[in-house]
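Fold and contact review
If you want the building blocks of each chain, they are given just below.
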Amino acid sequence: MKILLIGKGGREHALAWKLMDKDIELYYLEGNGGIERLGKKLKIEEKGWQEIAQTAKSEGIEFVVVGPEKPLVEGVGDIFRKIGIKVFGPTREGARLEGSKVFAKELMKKYSIPTASFEIFEDPEKAIKFLEKAKHPRVVKADGLAQGKGSIVCKNFEESKEAVKRIMVEKEFGDSGNRIVIEEFLEGEEASILGITDGKQIIPLLPSQDHKPIYDGDKGPNTGGMGAYAPYPGIDDEALSYIEEKILKRTLEALKKENIDFKGVLYAGLMLTKEGPKVLEFNVRFGDPETQAILPLLKTNLLDLLLACEEGELEKFKKLGWEDGYCVCVVIASGGYPGPYEKGKLIEGVEKAEEESCIVFHAGTKLMDGKLVTDGGRVLGVAGIEKTLPLAIEKAYSGVKKIKFSGMYFRKDIGKKGLKFVQ
Ligand code: AMP
Ligand code: GLY
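Residues numbered from 1 in each chain as written. Chains lettered and ligands numbered in written order. Predicted model: local features only at pLDDT ≥ 70, side-chain atom pairs only at ≥ 80, totals over all residues. Heavy atoms only, no water.

Two elements in contact, helix H1 (residues 10-19) and helix H12 (residues 302-311), have axes separated by 8 Å at closest approach and are oriented at 110 degrees. What the angle tells us is that H1 and H12 run roughly perpendicular. Between H1 and H12, the residues in contact are Leu15, Lys18 and Leu19 and Leu302, Leu303 and Leu306, respectively. (Axes fitted to C-alpha atoms, helices over the stretch in contact; angles between N-to-C directions. Helix = DSSP H or I, 4+ residues; strand = E, 2+ residues; numbered from the N terminus. Parallel < 35°, antiparallel > 145°, perpendicular 65-115°, else oblique. Contact = heavy atoms within 4.5 Å.)

Put into structure tokens, the structure is as follows:
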């Protein structure tokens, strides 16, 4: 089967790695140093999705796996399906769950899905008036996509006023800031639950935990994610069934009632509060870097699973198969990230990390004259699997130690928050 993979980061390398099989011919649109070794580039003349879909059709592509949210929000799900190509990922309508925080929050309110209380504003002056009297901390969020940077936690009125200005007046995130959501601040530990769905049922993958801030101890500005591990041990069976019933299934039902046939990944970013888990945000695709920690533990065939979502046959997987133990994935970034950083630094030691039996996922890498060089903010993800969480942490860092490039940076505490639950 010919498969087209959309996206070029660590998540997509993990998907490609897990999908690879002798019967699969993998194509990609834009690759990285890892994806390029597994597939072929689909030669396209123009960059519009309609044209890409036509090229894919003439190349004999039967199935498209979409990594990032942007193409889904732009409607690739509809465009490829219209010409008879199967897609893993929701339609444009379904992708609104991630593409519009206003849509997601209103849906949650209408169907009693646990989330932070909120107000919506279209006028910055009214928003500032509300904030003047509001209890702080508060969270100010741009409605639309903002590369993970559109949610600003504000300690006091000065900060929240500034956030409204940045989003609505200075338009730091463009039209994504035409509307904002102002939320109650929730306290607790964060976790990610990704549910896989065919529109009828939804099966949770292993719970995981991302590490968004750049520095150890969750300090500093947010990034795309500096590391993740699975399973996250802070969710017990009771909490997991609450999340399944009150969040995943209820959201799928809500979408159905709104006439949205949602297929793909329904990813709930959660805050585990004293009052129970609450949704911080929904995403409509696999998490990055959560995927690099979850997929190495999956025993069920990934292609069968993804195809079953599209074909409405998820019922054949009563339960997914998982390896015992933990997977920890540490992201290695370019110095300066998430701010400006240099590219083109020679990367050494990937094979040595693999000799430590780590899996090295490429994110911002490329091959230049046969040499692997840096090509992005998040460069590599080094994953280690072991029977216990402390051993998996040790394994992942033993791989990280083998890798060298000028200016490399990584967090030293990936997985640490999970240790209190397992010791
Ligand atoms: P979001 O883009 O909504 O996922 O938010 C990005 C990050 O901001 C989250 O991972 C949290 O760390 C933080 N955050 C978002 N909403 C809230 C909230 N209501 N209370 C506390 N922290 C939040
Ligand atoms: N790990 C955060 C995200 O994928 O959005």
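The discussion continues.
Taken together, 15 residues form the shell around ligand 1, and within it Ser151, Glu183, Leu186, Glu190 and Glu281 come nearest. One nitrogen or oxygen atom from the side chain of lysine 141 is found 2.9 Å from an oxygen atom belonging to ligand 1. With respect to ligand 1, the side chain of glutamate 190 contributes an N or O atom lying 2.4 Å from an oxygen atom. Calculation on ligand 1 without its partners gives an accessible area of 470 Å², and the protein chains cover 92% of this total. (Near = heavy atom within 4 Å. Polar contact = N/O pair within 3.5 Å; in protein donor to acceptor, adjacent residues only side chain to side chain. Areas by Shrake-Rupley, 256 points an atom, 1.4 Å probe, with all protein chains shown as cover.)

To continue, consider the site of ligand 2. Taken together, Asp210, Lys212, Gly224, Tyr267, Asn283, Arg285, Gly287, Asp288, Pro289 and Glu290 are the residues near ligand 2. Side-chain polar atom of aspartate 210 to a nitrogen atom of ligand 2: 2.7 Å apart, as the coordinates give it. Arginine 285 is positioned such that a nitrogen or oxygen atom in its side chain is 2.7 Å from an oxygen atom of ligand 2. Against a free-state accessible area of 200 Å², the protein chains account for coverage of 89% of ligand 2.

In the sheet, strand E20 (residues 365-368) pairs with strand E21 (residues 371-374) via four bridges, with the strands oriented antiparallel. Across the sheet, lysine 366 pairs through a bridge with valine 373, a residue of E21. Once E20 ends, the chain turns through two residues before running back antiparallel as E21, passing aspartate 369 with a positive phi of about 50 degrees. (Pairing = 2+ DSSP bridges.)

We now examine the sheet that holds strand E17 (residues 276-283). Taken in spatial order, the four strands make up an open sheet running E11-E10-E16-E17, and their pairing is antiparallel. Of all strands in the sheet, those bounded by a partner on one side alone are strand E11 (202-204) and E17. Strand-to-strand twist in this sheet, taken as the mean axis angle between neighbours without regard to direction, amounts to 35 degrees. Across three bridges, the pairing between strand E10 (residues 189-197) and E11 is antiparallel. Across the sheet, glycine 195 pairs through a bridge with proline 204, a residue of E11.

Counted under the stated rule, the structure contains 31 salt bridges. Salt-bridge contacts for arginine 81 lead to glutamate 310; the nearest nitrogen and oxygen are separated by 2.9 Å. Of this pair, arginine 81 sits in helix H5 (residues 76-82) while glutamate 310 is found in helix H12, placing the two residues 229 residues apart along the sequence. Glutamate 310 sits in the buried class, given a relative accessible area of 12%. Across the pair glutamate 313 and lysine 316 runs a salt bridge whose closest N-O atoms are separated by 3.4 Å. For glutamate 313, a relative accessible area of 34% gives the class partly exposed. Classification of lysine 316 as exposed rests on a relative accessible area of 54%. A network of salt bridges, in which partner residues are shared, links Asp218, Arg411, Asp413 and Lys417. (Salt bridge = Lys/Arg side-chain N within 4 Å of Asp/Glu carboxyl O. Buried < 20%, exposed > 50% of the residue type's maximum accessible area, 1.4 Å probe, protein only.)

You can see tryptophan 17 is positioned in helix H1. Accessibility expressed as a relative area gives 32% for tryptophan 17, which makes it partly exposed. Those residues in contact with tryptophan 17 that sit more than four places away from it in its chain are Leu38, Leu295, Pro296, Ile359 and Phe361.

What follows covers the environment of isoleucine 260. Mapped onto the elements, isoleucine 260 comes out in the loop between helix H10 (237-257) and strand E16 (264-273). The exposure class of isoleucine 260 is buried, given its relative accessible area of 5%. C-alpha of isoleucine 260 to C-alpha of threonine 91: the two residues are 169 residues apart in sequence and 8.5 Å apart in space. Once residues within four sequence positions are removed from consideration, isoleucine 260 is found in contact with Glu93, Gly94, Phe103 and Leu255.

As a further point, take the packing of helix H6 (residues 92-99) against helix H7 (residues 101-110). Between H6 and H7, whose axes approach to 6 Å, the crossing angle comes to 90 degrees. One element, H6, and the other, H7, form an angle in the roughly perpendicular class. For the pair H6 and H7, the contacting residues are Arg96, Leu97 and Gly99 in the first and Lys101, Phe103, Ala104 and Leu107 in the second. Within the contact of H6 with H7, the residues separate by chemical class into four nonpolar, one polar and two charged. (Nonpolar A, V, L, I, M, F, W, Y, C, P; charged D, E, K, R; others polar.)

If you walk across this open sheet you meet the five strands as E12-E15-E18-E22-E19, and the pairing is antiparallel. Strands with a single pairing partner mark the edges of an open sheet, and in this sheet they are strand E12 (209-210) and strand E19 (359-362).

Below, the discussion takes up the packing of aromatic side chains. Two numbers describe a pair of aromatic rings. These are the distance of the centres and the angle of the planes. Counted by the stated rule, this structure contains eight aromatic pairs. Ring centres of phenylalanine 88 and phenylalanine 286 lie 5.7 Å apart, and the angle between their planes is 25 degrees; this geometry places the pair in the stacked category. Taken together, the residues phenylalanine 88 in strand E5 (residues 86-88) and phenylalanine 286 in the loop between E17 and helix H11 (290-294) connect sequence positions 198 residues apart. For phenylalanine 88, a relative accessible area of 2% gives the class buried. Judged by relative accessible area, which is 2%, phenylalanine 286 ranks as buried. Between tyrosine 397 and phenylalanine 410, the aromatic rings sit 6.1 Å apart at their centres with planes inclined by 50 degrees, giving tilted as the arrangement. Of this pair, tyrosine 397 sits in helix H14 (residues 389-400) while phenylalanine 410 sits in the loop between H14 and helix H15 (419-422); the two residues are 13 residues apart in sequence, bridging distant segments of the chain. Taking the relative accessible area as the measure of exposure, tyrosine 397 reaches 13% and is therefore buried. The class for phenylalanine 410 is buried, based on a relative accessible area of 17%. Site record: aromatic cluster; members linked through ring pairs are Tyr229, Tyr232 and Phe421. The ring of phenylalanine 118 carries the charged tip of lysine 109 above its face, separated from the ring centre by 5.6 Å. (Phe/Tyr/Trp six-rings, centres within 6.5 Å; stacked < 30°, edge-to-face > 60°. Lys NZ or Arg CZ within 6 Å of the ring centre and 35° of its normal.)

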